[in-house]
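# Tertiary structure, described
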Amino acid sequence: MRIAIAGSTGLVGRHVVREALAAGHDVLELSRQNGVDLTSPDGLPGRLEGVDAVVDVTQSPTLDETESTQFFTTVAGNLGDAAREAGVTRSVTLSIIGIDHVPDYGYYVAKLAQERTAIERGPAARILRAAQFLEFPGQMLDWNRDGDKVVIPELKTQPVAISEIARLLVRLADDRVPEAMVELAGPESGELTDFVRRVAEARGVEVEVIGVRASEGMADGVCLPGQNAIIAGPGFTDWLATQA
């Protein structure tokens, strides 16, 4: 089958391209680097002619609630409308576990708006809500470090390998997983602040990790997977041991 991947050159998108090709699918890449502006509907239905499924792993250029909501809903709407016009039979969107329980965190509000737009306008829409990436604690260390201190939002998480996210997105796209809403996480849960400390220790970086309560829900576990979630890939401890 032919799968269009929106955001194909991003961190997740590159993995999805590899997984789709490995599964024997034809891939259409949709990204700015491929000359496609997904915030504009112009020419998009024509690009999707002959496509069977669209996978949306686009990333907002900002965490601001208003701007990211505008980006996500515009892209989801353009993709959904173009897919229906082109006769695409299935659409898949990557999202985040727990976003419907965190109304005070702007980026999650934006992702929830993306989900709703994808469901309303995309053909046979399916949503994959994933836990944070295994790489996320390291990213948070890099992004938030200020000298010998790093301030991290309090978050209970169960991080998952990006490769597992990509694999499940392709399975949703080619109908090997029929559910309309799926959760995915790795096997090891914990506090984000602890994961960040362990990354710093593994890197030989001496920093004080300070947790701040950015959201009641995130701190209290709403971003952990539910009972019916798919658990796959290595846990954080095993993964970190391979990163030296």
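Above this text sits the structure in question.
Below is a short write-up of the structure. (Residues numbered from 1 in each chain as written. Predicted model: local features only at pLDDT ≥ 70, side-chain atom pairs only at ≥ 80, totals over all residues. Heavy atoms only, no water.)

### Let's talk about the nonpolar core
The tendency in soluble globular proteins is for nonpolar side chains to be buried side by side. Worth spelling out the cut-off: Nonpolar cores were defined as sets of buried Ala, Val, Leu, Ile, Met, Phe, Trp, Tyr and Cys residues, with membership established by side-chain atoms within 4.5 Å. Classification of residues uses two cut-offs on accessible area relative to the type maximum, computed with a 1.4 Å probe and protein chains only: under 20% is buried, over 50% is exposed, and between them is partly exposed. Only DSSP runs of H or I reaching four residues or more are called helices, and only runs of E reaching two or more are called strands; each is numbered from the N terminus. Note on contacts: a residue pair is in contact if any heavy atoms of the two residues lie within 4.5 Å.
Counting 44 residues, the largest nonpolar core has Leu 30, Leu 38, Leu 48, Val 54, Leu 79, Tyr 108 and Val 196 as the members making the most contacts within it. Among the secondary structure elements, those contributing two or more residues to this core are strand 1 (2–6), strand 2 (26–30), helix 3 (65–86), helix 4 (106–121), helix 5 (136–144), strand 7 (149–153), helix 7 (192–203) and helix 9 (236–241). Counting residues per element, this core draws most heavily on helix 3, at seven residues. In this structure, Leu 38 is in contact with Ala 6, Gly 7, Leu 30, Leu 44, Thr 58, Thr 74, Val 75, Asn 78 and Leu 79, ignoring residues within four places of it in sequence. Ranked by size, the runner-up nonpolar core spans 31 residues in total, among them Ile 3, Ile 5, Val 17 and Val 57.

### As for the sheet that holds strand 11 (residues 208–212)
Defined as follows: Paired strands, as defined in this entry, are two strands with at least two bridges between them according to DSSP.
A sheet is described by the order of its strands in space; here three strands give the open sequence 6-7-11, paired in mixed fashion. Strands at the two margins of the open sheet, each flanked by one partner only, are strand 6 (145–146) and strand 11. Across five bridges, the pairing between strand 7 and strand 11 is parallel. In the sheet register, Val 150 faces strand 11, and the bridge partner there is Val 209.

### Overview of the sheet that holds strand 12 (residues 230–231)
Under the convention used in this document: In this analysis an axis means a line fitted to C-alpha atoms, helices contributing only their contacting stretch, and an angle means the value between N-to-C directions, from 0 to 180 degrees.
Spatially, 2-1-3-4-5-9-12 is the arrangement adopted by the seven strands of the open sheet, whose pairing is parallel. Edge positions in the open sheet fall to strand 2 and strand 12, since each of these has one partner strand only. With six bridges connecting them, strand 4 (residues 90–96) and strand 5 (residues 125–130) associate as parallel partners. When the bridges of strand 5 are listed, Leu 94 appears paired with Leu 128. Taken strand by strand, helix 1 (residues 11–22) contacts strand 1, strand 2, strand 3 (53–56) and strand 4, and its axis lies near 170° from that of strand 1. Taken strand by strand, helix 3 contacts strand 1, strand 2 and strand 3, and its axis lies near 175° from that of strand 3.

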